[in-house]
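Each chain, letter by letter, is given below.
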Amino acid sequence: MTAPRIAAPGGNELAALLADGIEQLGLTIGAEQQARLLDYQMLLAKWNASLQMTSIRDPRQMVVKHLLDSLSILPRLDREPISRVLDVGSGGGLPGVVLAIVRPDWEVTVNDIVHKKTAFLTQARATFKLTNLTVVTGRVESLVVGKEVPAPFDAIVSRAFAELNDFVTLGRNLLAPGGSFWAMKGVAAESELALPDGYELVERLALNVPFLDAERHLLRVKVTA
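You'll find the protein chain entered in an unreviewed UniProt entry as Ribosomal RNA small subunit methyltransferase G, with Pandoraea sputorum given as the organism. Among the UniProt annotations of the protein chain, the heading Catalytic activity (unreviewed entry) holds the following wording: "guanosine(527) in 16S rRNA + S-adenosyl-L-methionine = N(7)-methylguanosine(527) in 16S rRNA + S-adenosyl-L-homocysteine". Quoted verbatim from the Subcellular location (unreviewed entry) heading of the UniProt record, the comment on the protein chain is "Cytoplasm".

Draft legend 1. Quick peek at the overall build of the protein chain. Within the protein chain one finds seven helices and seven strands. For the protein chain, the N- to C-terminal ordering of α and β elements is α-α-α-α-β-α-β-α-β-β-α-β-β-β. In terms of overall size, the protein chain behaves like a compact globule, its C-alpha atoms giving a radius of gyration of 17 Å where 225 residues would be expected to give roughly 17 Å. By principal-axis analysis of the C-alpha atoms, the protein chain measures approximately 50 × 35 × 30 Å. Counting all 225 residues of the protein chain, 50% fall into the buried class.

Draft legend 2. Region of interest: the packing of helix 1 (residues 11-25) against helix 3 (residues 59-71). Close contact between helix 1 and helix 3 brings their axes to 10 Å; oriented N to C, the two are set at 30°. By the angle between their axes, helix 1 is roughly parallel relative to helix 3. Where helix 1 crosses over helix 3, the handedness of that crossing is right-handed. Contact with helix 1, carried on its side by Glu13, Leu14, Leu17, Leu18, Gly21, Ile22 and Leu25, involves Pro59, Arg60, Val63, Val64, Leu67, Leu68 and Leu71 of helix 3 and no other residues of that element. Tallied by class, residues from the contact of helix 1 with helix 3 come to 11 nonpolar, one polar and two charged.

Draft legend 3. Structural view of the UniProt feature "binding site: S-adenosyl-L-methionine" (unreviewed entry) in the protein chain. Those residues carrying the UniProt feature "binding site: S-adenosyl-L-methionine" (unreviewed entry) are Gly89, Leu94, Val140, Glu141 and Arg159 in this numbering. When you line up the elements, glycine 89 lands in the loop between strand 1 (84-88) and helix 5 (96-102). Those residues in contact with glycine 89, other than ones at most four positions away along the chain, are Asn111, Asp112 and Phe161. Inspection of the secondary structure assignment puts glutamate 141 in the loop between strand 3 (133-137) and strand 4 (153-159).

Draft legend 4. Looking closely at the pattern of salt bridges. According to the stated counting rule, one finds nine salt bridges in the structure shown. Note that aspartate 69 is salt-bridged to arginine 159, the shortest N-O span being 2.8 Å. With a gap of 90 residues between them, aspartate 69 in helix 3 and arginine 159 in strand 4 connect regions that are remote in the sequence. In this structure, glutamate 80 engages arginine 76 in a salt bridge whose closest nitrogen and oxygen atoms are separated by 2.9 Å. We classify arginine 76 as buried; its relative accessible area is 6%. What you see here is one network of salt bridges that share partners, running through Arg76, Glu80, Glu203 and Arg220.

Criteria and cut-off values
Residues numbered from 1 in each chain as written. Predicted model: local features only at pLDDT ≥ 70, side-chain atom pairs only at ≥ 80, totals over all residues. Heavy atoms only, no water. UniProt positions renumbered as here; feature names shortened; annotations may be inferred. Helix = DSSP H or I, 4+ residues; strand = E, 2+ residues; numbered from the N terminus. Rg over C-alpha atoms; globule rule 2.2 N^0.38 Å. Buried < 20%, exposed > 50% of the residue type's maximum accessible area, 1.4 Å probe, protein only. Axes fitted to C-alpha atoms, helices over the stretch in contact; angles between N-to-C directions. Parallel < 35°, antiparallel > 145°, perpendicular 65-115°, else oblique. Left-handed = near helix turned anticlockwise from the far one by under 90°. Contact = heavy atoms within 4.5 Å. Nonpolar A, V, L, I, M, F, W, Y, C, P; charged D, E, K, R; others polar. Salt bridge = Lys/Arg side-chain N within 4 Å of Asp/Glu carboxyl O.

This is the structure in structure tokens:
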């Protein structure tokens, strides 16, 4: 059964903007998945009126700064043998819900400490029938493999969640051997790139988000000890 559609103001214009951005990113995403992304955006905007999950309210800017920004990491992540992904501090589901929609073969877990936000994520899971999406409430450092999550993750991602140092140390026990942390950042400040012993910044990639005139970076960290 197809998930219900949500009426989007300026839907044709937003659909064209999203499709153009996806093409610029070099991604192949079907029309039904693109429609679900826009429906998810509308659901986020509806809940945002009371939950304040994002300061961005203009639909065009939401396509660029939420959907395309989240999708911009896929050309890099698709080159990795990924099957299980954790999105830490997911908030309104960025990038976790977006990844779950466009990569149905990935098992995606979204995590946040705020119950109202995970209530929204649970609603998104039900609305769009995302059987590959799991929602977990709680501090990431308190999650235990075999209890709150069934298995460690190949990739742990975050989008403006915390300082890089905190991100990798808080999520260390949830990373599978050989897995990587992927931190989505705006300006990658040099002062933030120093890591504690046992961690190495192995990649610093400038992201080109279509229609966005601002810096975006993807930082990859591996555990070395």
